[in-house]
Structure formats: structure tokens, C-alpha cells
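Chain by chain, the residues run as shown.
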Amino acid sequence: VLLETELRQAIQTGQLCLHYQPKVDVRSGRIVGAEALVRWSHPQRGLIPPGHFIPLAEESGLIGPLTDWVLHAACGSLRRWADAGLPELPLSVNLPASSLADERLLDQLAALMQRYRLRPSNLMLELTETMLMRDIGAAIGVLERLRDQGYGLALDDFGTGYSSLNYLKRLPVSELKIDRAFVIDVARGGRDGALAAAVITLGRELGLQVVAEGVETEEQSEFLRGRGCVLQQGYLHSRPVAQGEFEAMMRSQA
Ligand code: G
Ligand code: G
Ligand code: MN
Ligand code: NA
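How each quantity is defined
- Residues numbered from 1 in each chain as written.
- Chains lettered and ligands numbered in written order.
- Predicted model: local features only at pLDDT ≥ 70, side-chain atom pairs only at ≥ 80, totals over all residues.
- Near = placed C-beta within 6 Å.
- Nonpolar A, V, L, I, M, F, W, Y, C, P; charged D, E, K, R; others polar.
- Helix = DSSP H or I, 4+ residues; strand = E, 2+ residues; numbered from the N terminus.
- Buried ≥ 20, exposed ≤ 12 C-beta atoms within 10 Å, placed from the backbone.
- pLDDT = per-residue confidence, 0-100.
- Arc of directions from axis to C-beta.
- Contact = placed C-beta atoms within 7 Å.
- Core = buried A, V, L, I, M, F, W, Y, C linked by C-beta atoms within 7 Å.

## Some thoughts on the site of ligand 2
- In the vicinity of ligand 2, 14 residues are found, and the nearest of them are Leu37, Gly214, Glu216, Gly234 and Tyr235.
- Considering only residue class, the shell around ligand 2 consists of four nonpolar, five polar and five charged.

## A look at the environment of Pro65
- In this fold, Pro65 is placed in helix α3 (residues 63-83).
- The exposure class of Pro65 is partly exposed, given the 14 C-beta atoms found within 10 Å.
- Each C-alpha atom of the pair Pro65 and Leu106 lies 16 Å from the other, and the pair is 41 residues apart in sequence.

## Side note on the confidence of the model for the protein chain
- Summarising the model, the protein chain shows a mean pLDDT of 93, and 98% of its residues fall at 70 or more.
- In the model output, the complex is listed with pTM 0.96 alongside ipTM 0.96.

## Details of helix α10 (residues 218-226)
- Taken together, the buried positions of α10 are Gln220, Ser221, Phe223 and Leu224. Take α10 and look down its axis: the buried residues cluster within an arc of 165°, on one side only. For α10, the exposed residues lying more than 90 degrees away from the buried face are Glu218 and Gly226.
- Close packing links the buried residues of α10 with α8 (180-183), α9 (191-205), β8 (209-212) and β9 (231-232).
- Phi turns positive, to about 100°, at Gly228, one or two residues after α10.

## Looking at the nonpolar core
- Core analysis: the largest hydrophobic core is formed by 59 residues, its most contacted members being Ala74, Leu91, Val93, Leu125 and Ile178.
- It is α3 that contributes the most residues to this core, eight residues altogether.
- Discounting chain neighbours no more than four positions away, the residues touching Ala74 are Leu18, Ala36, Leu91 and Val93.

## Things to note about unusual backbone geometry
- The residue Arg117 is not glycine, and still its phi comes out positive at about 50°.
- Tracing the chain through its elements places Arg117 in the loop between α4 (105-115) and β5 (123-128).
- On the basis of neighbour counts, which here come to 11 C-beta atoms within 10 Å, the residue Arg117 falls in the exposed class.
- Positive phi outside glycine occurs at Asp157, with the angle close to 55°.
- For Asp157, the position within the fold is in strand β6 (residues 152-158).

Okay, structure coming up:
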């Protein structure tokens, strides 16, 4: 209960911040996008990772204000980078399970695009299978409208949920993110390697951009690249970093 009160205050008083994890094209080694990941910079407890407070936010009704904050912060960063003459890279934002049920999502996003003078293609919305499966019919409708507006749509944590291949074909997403659970054992010749390879092929056949998450070793990276997955995120390439550090990384490759 204390934490809930604290979280409400944190959202109002600017204790949240975004870190950015580069998405790298391993062929060129260049950063081709980034994922925004929220952190709570707690005055006593230090930097709290989202795993510790997103569930609390979802249970307590604070997820709406928190997501509003994240979207504003992400769009604010995109504006800053454009004003600073940094290369224009799409920024991915994680949406919570409740967001597709919210009638206001499209209007809210449109207002942000106008306020920060951005194009929808600057933003990539990350959704999980689990949230889409809650009400797949409604989800497809909302996703189609988002896609028609030009937002990028990514299916996050792919392979960990229940979505059947039949749904995947119908979901208007542009990117598949292979969950790091499949990346961990990828180079050991086991089943995960076979699964990752199959997902890469599937994604490519469906015309999707395929991104591997949680890439930590050269071995994993090479295996994935050998199977055609050249877009990768993970500690091997870079941890999620604070805004200033991310800007320096972008500047150094400009
Ligand atoms: O950074 P970390 O590994 O602790 O993230 C844990 C989880 O929190 C991940 O599943 C990630 O998708 C989620 N997450 C990170 N940032 C956000 C955010 O801004 N909004 C929501 N809803 N989830 C986030
Ligand atoms: O669920 P989602 O894919 O949004 O979660 C992203 C989370 O994964 C981030 O919170 C980030 O901190 C974490 N992450 C990113 N790269 C790696 C990695 O190479 N290894 C591990 N273990 N976690 C990672
Ligand atoms: Mn994600
Ligand atoms: Na993920």
C-alpha cells in the first residue's frame, strides 16, 4: 500500500525515467532503433526495474497514468533527438495489457504526434501475445487502425504465449521479437536452436521484421545471423542505457 502511494507520487513528481536499449543490425553494427524501458528512480531505494512495479501499477489502476507518462517521455525524446540533428530511429514502447481495450488510445497517440511534431512511423508499439489473446477479435480491429495510421507494431516475447500460427497470419504486426528464452540455448544444438530457427523462417515468410532479444554471446549472435536474423538486442550489443549515454552512442555513429 505504501508502495502504491509512492508510485502515484513518483509518476506525478518525475521519479520515473526511460532507459534505451539499442536495436542493432549486426551486418553493419549500426543502431537501427531502440526500445524504451521505464525505471523508477526511487529517492531511497535507488533504481527500481519495471518488473517490480509494473505488476503493482496494473493491479492498482496506476498503469494508465504510468503509460501516459511513458508515451509522453518517449515522444519528448524523439523530438529532442530530431532537434539535435540525430539520426531518425524508430523508438519502441511497451504497451500494457489493458491498453488495447482503451478507446482513447488512437486519439491519445494522434495528440502526441501533433504535440511533439512526430510521424507515427517514428513509434513502434510492442504488444505481447498474452494481451492480444484476451480478446483477439477486438485486438485485430485496433491493430488494423493503428497500422493504417502508420504506427509500427511489434509482437513482443514471441513464443512464450499461446497465439496460434493462424492468428499470427491475421495480426497486422510488422515485427516479431523472439523471446530471450529461445535465445539462451540457441548455440548448443538443442531444441531452442531449432525453435529460434523456425520462428525466424516463419517471420520472414510472413514478411515480418524479426528481432532477437536477450542476445548475450557472440555464439548466439552468430547462430541467429546464420539463420537470417540480423536485427538483435541484448547485452552483447548494449545494455539499456540512460538517455545521455544513448544520445552519445547515436552521435558517435552519425
Ligand atoms: O527492464 P526489465 O528487464 O526489468 O523489464 C521487465 C519487463 O518490464 C519487460 O517485460 C518489459 O517489457 C516491461 N517494461 C519495461 N518498460 C515498460 C513500460 O514502459 N511499460 C510497460 N507496460 N512495460 C514495460
Ligand atoms: O519483455 P521485454 O522484451 O520488453 O523485456 C525487455 C527486458 O529484457 C528489458 O527490461 C531488458 O533489461 C532485458 N534485457 C535486454 N537485453 C537483455 C539480455 O541480453 N539479457 C537479459 N537477461 N535481459 C536483457
Ligand atoms: Mn519489449
Ligand atoms: Na520481450
